[in-house]
Amino acid sequence: MNDIKSYVVQAAALQELALDTAALERIATVLTRNAEMARLLAGFEMDESQEPAAVFRAAV
Amino acid sequence: MSFADRREAILAGTLSAVDIVEGSLQGISRRDEQYNCFTRITATRARKEARHLDALRARGAPLPPLAGATFAVKNLFDVEGEVTLAGSRLNAARAPAARDATVVARLRDAGAILLGAVNMDPYAYGFTTENTFYGPTRNPHDTTRTSGGSSGGSGAVVAAGLVDFSLGSDTNGSIRVPSSFCGVYGLKPTYGRLPRTGAYPFVHSLDHVGPLAHDACDLAALYEIMQGPDAGDPACAQRAPELVQRELVKAVAGLRVARLTGYFDRWATAPAQAASRRAASALGARAEIELPEVERARAAAFLITAAEGGALHLPTLSRHYEEFEPLTRDRLLAGALQPGTWYLQAQRLRAWFRERIAQVFRDYDVLVAPATPFPATPLGEDWIDLNGQRLPLRPSVGLLTQPLSFIGLPVAAVPMREDGELPMAVQLICAPWREDNCLRAAAALQSAAVARCDRVGP
């Protein structure tokens, strides 16, 4: 959680968000839950050819 | 009264559109205070549209198919001359919409009369319609409980019988959850089927729009009318409208039905599981099956929602954090700050999951699952105990809907209710572009009186 708090403080600064400590802590709490979701996906192996999104087309 | 019956009554002169509108406006004025559905009533527009229909009848011109049917829209749909709130106080300062959203315009042209815009979770990020600025929308079946969300106003306004139907949007379950909590029918079509032009976005790659109504036949009629390509929505399919009303008489003949177990039982209370068993049995289900990696699919939907929703609102949040809905702003900011790799891995899983589920539809046409883990919860509740686990309530409401909209499958939400119990819906899930099968199965449950949509009377 401390790592995530530090991450939120740095990432918020990078996005030029002026937030007080209480807001940063609340966001860190939410991001901790999101991180649990991300962990579920990180360990899941998929073929390298699995495209991340629809193939880009230069014209439609 | 069906849409066709109402049209016939106007044609025969036993009903006038003006009388319908005046009666409806009186009902809203008398009863909506207890539910808080409407954020805007479009009385002037409704009266004008009603006079136009009565004038058509007076001069012997043909009446459009939805003549005299009344409706309301989630307040994220553009309505000409009205401000599109999208559930937000900040949006109240925006200019009024120049024109109707595409689906609103198609319904208007079909003779439906718009009575107003209804409440929702701010920017559609929520499942309970507990809106800090516009108040909660209360469930007509028990006003101490939520109406679900984020299209809670759209569910409640139909359940209360204040309109004939409504429009909602569904990113992770926002049509199906209010359908379940309020006990009404809902249709979340295939991703890209109905145009979203003029609907305030939340998550571009997951947003759908669709109808909520009192029965499956109404859903089919509305779905037919709202279809068709639209250049304003890049995701909208270039497909001609597919007619489904004539298919409903086939019921489930020839359809291969299975009930979903595993994840969909694990995250459902006993009454929700029982509802899905009743529906599956009535539809002649031949199997109980598990889908692969549903937990991960839900996690991926969760992360994509947070990232895209957060990115959309980041500029406004950076300037107006204090004015943003308190229940939403920290979740959006957390999403905006997520590492990019999380988002990309979630998108990769989305493609993987779509391929696996496509294989399931080689063997089955309709999959049955509960729409919500539990019935409507009390207003103000933050936590829920679900099968022995204590979970944050608001995100958990969408546990059973999120993995399905994640890959854009069409789903009909069909209300089930036992005597003395709160309503709960089941999901009838079909392969992409097979809304006809969703609606056939929904109509079959309705005909068999297994489904039950109780309108709360005055």
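Look up a bit, the structure's there.
Only a predicted model underlies this, so the values are computations on that prediction, with no experimental measurement involved. (Residues numbered from 1 in each chain as written. Chains lettered and ligands numbered in written order. Predicted model: local features only at pLDDT ≥ 70, side-chain atom pairs only at ≥ 80, totals over all residues. Heavy atoms only, no water.)

**Q** Is there a simple way to explain the layout of surface pockets in this structure?
**A** Empty space among the atoms can be located by rolling a probe the size of a water molecule over them. Of the pockets and cavities examined, the second largest pocket occupies roughly 550 Å³. The wall of the second largest pocket is formed by 21 residues, among which Val-30 and Arg-33 of chain A together with Leu-327, Arg-331 and Arg-394 of chain B lie closest to the centre. For the lining of the second largest pocket, the secondary structure elements donating two or more residues are helix H2 (21-42) of chain A together with helix H11 (326-336) and helix H13 (393-396) of chain B. Its residues placed into classes, the lining of the second largest pocket shows eight nonpolar, four polar and nine charged. (1 Å grid on protein atoms, 1.4 Å probe; cavity = no way out; pocket = protein on both sides within 12 Å on 5 of 7 lines; lining within 4 Å. Points joined across faces, edges and corners; volume = space filled by probe spheres on them. Helix = DSSP H or I, 4+ residues; strand = E, 2+ residues; numbered from the N terminus. Nonpolar A, V, L, I, M, F, W, Y, C, P; charged D, E, K, R; others polar.)

**Q** Would you take a moment to explain the interface of chain B and chain A for this structure?
**A** By a widely used convention, the size of an interface equals the accessible area lost when the partners come together. Residue-level contacts link 34 residues of chain B with 27 residues of chain A. Summed over both sides, the interface between chain B and chain A buries roughly 2800 Å², with carbon and sulfur atoms accounting for 70% of that surface. Among the residues of chain B in contact with chain A, Arg-296, Leu-337 and Arg-348 of chain B are the three that bury the most area, contributing 25% of the side total. At the boundary of chain B with chain A, the tally comes to one salt bridge. A salt bridge links Asp-330 of chain B to Arg-26 of chain A; the nearest nitrogen and oxygen atoms lie 2.8 Å apart. At the surface where chain B touches chain A, the tally comes to 10 residue pairs in polar contact (both at pLDDT 80 or more). Elements represented by at least two residues in the side of chain B that touches chain A include exactly helix H10 (294-320), H11 and helix H12 (340-360) of chain B. (Contact = heavy atoms within 4.5 Å. Buried area = accessible area lost by both parts, 1.4 Å probe. Salt bridge = Lys/Arg side-chain N within 4 Å of Asp/Glu carboxyl O. Polar contact = N/O pair within 3.5 Å; in protein donor to acceptor, adjacent residues only side chain to side chain.)

**Q** Can you walk me through the sheet that holds strand E9 (residues 185-188) of chain B in this structure?
**A** Strand pairs in the sheet, formed through backbone hydrogen bonds, run parallel or antiparallel to each other. All names here are of chain B. Pairing is mixed across the open sheet formed by 11 strands, whose spatial order is E1-E3-E2-E8-E10-E9-E16-E17-E13-E11-E12. With partners counted over all chains shown, the strands left at the sheet margins are strand E1 (38-41) and strand E12 (287-289), one partner each. Strand-to-strand twist in this sheet, taken as the mean axis angle between neighbours without regard to direction, amounts to 25°. One ladder, built from two bridges, connects E9 with strand E10 (residues 208-213); its direction is antiparallel. Of the residues in E10, the one forming a bridge with Gly-186 is Leu-212. The sheet contacts of helix H7 (residues 216-226) involve strand E8 (165-170), E9 and E10, and relative to E10 the element is tilted by about 145°. (Pairing = 2+ DSSP bridges. Axes fitted to C-alpha atoms, helices over the stretch in contact; angles between N-to-C directions.)

**Q** How do you make sense of the side chain of Arg-193 of chain B when you look at a structure like this?
**A** All names here are of chain B. With respect to the helices and strands, the residue Arg-193 is situated in the loop between E9 and E10. Note on Arg-193: relative accessible area 3%, which makes it buried. Engagement of the side chain of Arg-193 in a polar contact is seen with the backbone oxygen of Trp-433, the distance being 3.1 Å. Among the polar contacts made by the side chain of Arg-193, one reaches the side chain of Glu-435 at a distance of 2.8 Å. Ignoring anything within four residues of it in the chain, the contact list for Arg-193 reads Tyr-223, Gln-227, Cys-236, Arg-239, Glu-242, Trp-433 and Glu-435. (Buried < 20%, exposed > 50% of the residue type's maximum accessible area, 1.4 Å probe, protein only.)

**Q** Would you take a moment to explain the packing of aromatic side chains for this structure?
**A** Centre distance and the angle of the planes are the two values used to describe a pair of aromatic rings. Residue and element names in this part refer to chain B. For the structure shown, the criterion picks out eight aromatic pairs over all chains. Judged by centre distance (5.3 Å) and plane angle (75°), the rings of Tyr-263 and Phe-264 are edge-to-face. We note that Tyr-263, like Phe-264, is buried. Ring geometry for Phe-353 and Phe-406: centres 6.3 Å apart, planes at 35°, overall tilted. Placement of the pair is Phe-353 in helix H12 and Phe-406 in the loop between helix H14 (402-405) and strand E16 (411-416), with a sequence separation of 53 residues. (Phe/Tyr/Trp six-rings, centres within 6.5 Å; stacked < 30°, edge-to-face > 60°.)

**Q** Whenever I open this one, the pattern of salt bridges confuses me. Can you help?
**A** Close approach of charged atoms allows side chains of opposite charge to pair. All names here are of chain B. Overall, the coordinates contain 30 salt bridges over all chains when judged by the stated rule. The salt bridge partner of Arg-176 is Asp-170, with a shortest N-O separation of 2.9 Å. One exposure class covers both Arg-176 and Asp-170, and it is buried. Arg-278 is the salt-bridge partner of Glu-418, the closest N and O atoms lying 3.5 Å from each other. Taken together, the residues Glu-418 in the loop between E16 and strand E17 (424-429) and Arg-278 in helix H9 (residues 270-282) connect sequence positions 140 residues apart.

**Q** Just to check I follow, could you spell out the side chain of Glu-130 of chain B for this structure?
**A** All names here are of chain B. Within the secondary structure, Glu-130 is located in strand E4 (residues 130-131). Residue classification places Glu-130 among the buried positions, given a relative accessible area of 10%. Among the polar contacts listed, one links the side chain of Glu-130 to the side chain of Thr-128, at a separation of 2.7 Å. In terms of polar contacts, Glu-130 uses its side chain to reach the side chain of Arg-394, at 3.2 Å. The residues contacting Glu-130, other than those within four sequence positions of it, are Asp-121, Pro-136, Thr-146, Leu-327, Leu-379, Gly-380, Glu-381 and Arg-394.

**Q** What exactly am I supposed to notice about helix H4 (residues 102-109) of chain B here?
**A** Side chains three or four residues apart in an α-helix point the same way, a direct result of the helix having 3.6 residues per turn. Residues and elements named next belong to chain B. Inspection of H4 places Thr-102, Val-103, Val-104, Ala-105 and Leu-107 among the buried residues, and these make up the whole buried set. In this structure, the buried side of H4 is in contact with helix H3 (43-58), strand E2 (70-74), E8, E10 and H7. Note on H4: the residue one or two positions beyond its end, Gly-111, has a positive phi of about 95°.

**Q** Looking at this model, I keep getting lost on unusual backbone geometry. Mind explaining?
**A** Negative phi is the rule for most residues except glycine; trans is the rule for most peptide bonds. Here the bond from Gly-149 of chain B into Ser-150 of chain B is cis, since omega is 5°, no more than 30 degrees from zero. Inspection of the secondary structure assignment puts Ser-150 of chain B in the loop between strand E7 (142-146) and helix H5 (152-159).

**Q** I keep staring at the nonpolar core and nothing clicks. Help me out?
**A** One recurring pattern in soluble globular proteins is that nonpolar side chains are buried together. Phe-77, Leu-367, Phe-406 and Leu-428 of chain B are the most contacted members of the largest nonpolar core, which totals 141 residues. Counting 33 residues, the second-largest nonpolar core is a separate cluster that includes Ala-61, Ala-67, Ile-113 and Val-158 of chain B. (Core = buried A, V, L, I, M, F, W, Y, C linked by side-chain atoms within 4.5 Å.)

**Q** Is there a simple way to think about the packing of H10 of chain B against H12 of chain B in this case?
**A** Axis angle and axis distance: for two packed helices, these are the angle between their axes and the distance between the axes, and together they describe the pair. All names here are of chain B. Where H10 meets H12, the axes come as close as 9 Å, and the angle between the chain directions of the two elements is 135°. Between H10 and H12, the interaxial angle falls into the category oblique. In this structure, H10 meets H12 at a crossing whose hand is left-handed. From H10, Val-294, Arg-296, Ala-297, Ala-300, Leu-303, Ile-304, Ala-307 and Glu-308 reach across to H12, where they touch Trp-342, Tyr-343, Ala-346, Gln-347, Leu-349, Arg-350 and Phe-353. Grouping the amino acids of the contact of H10 with H12 by side-chain chemistry returns 11 nonpolar, one polar and three charged. (Parallel < 35°, antiparallel > 145°, perpendicular 65-115°, else oblique. Left-handed = near helix turned anticlockwise from the far one by under 90°.)

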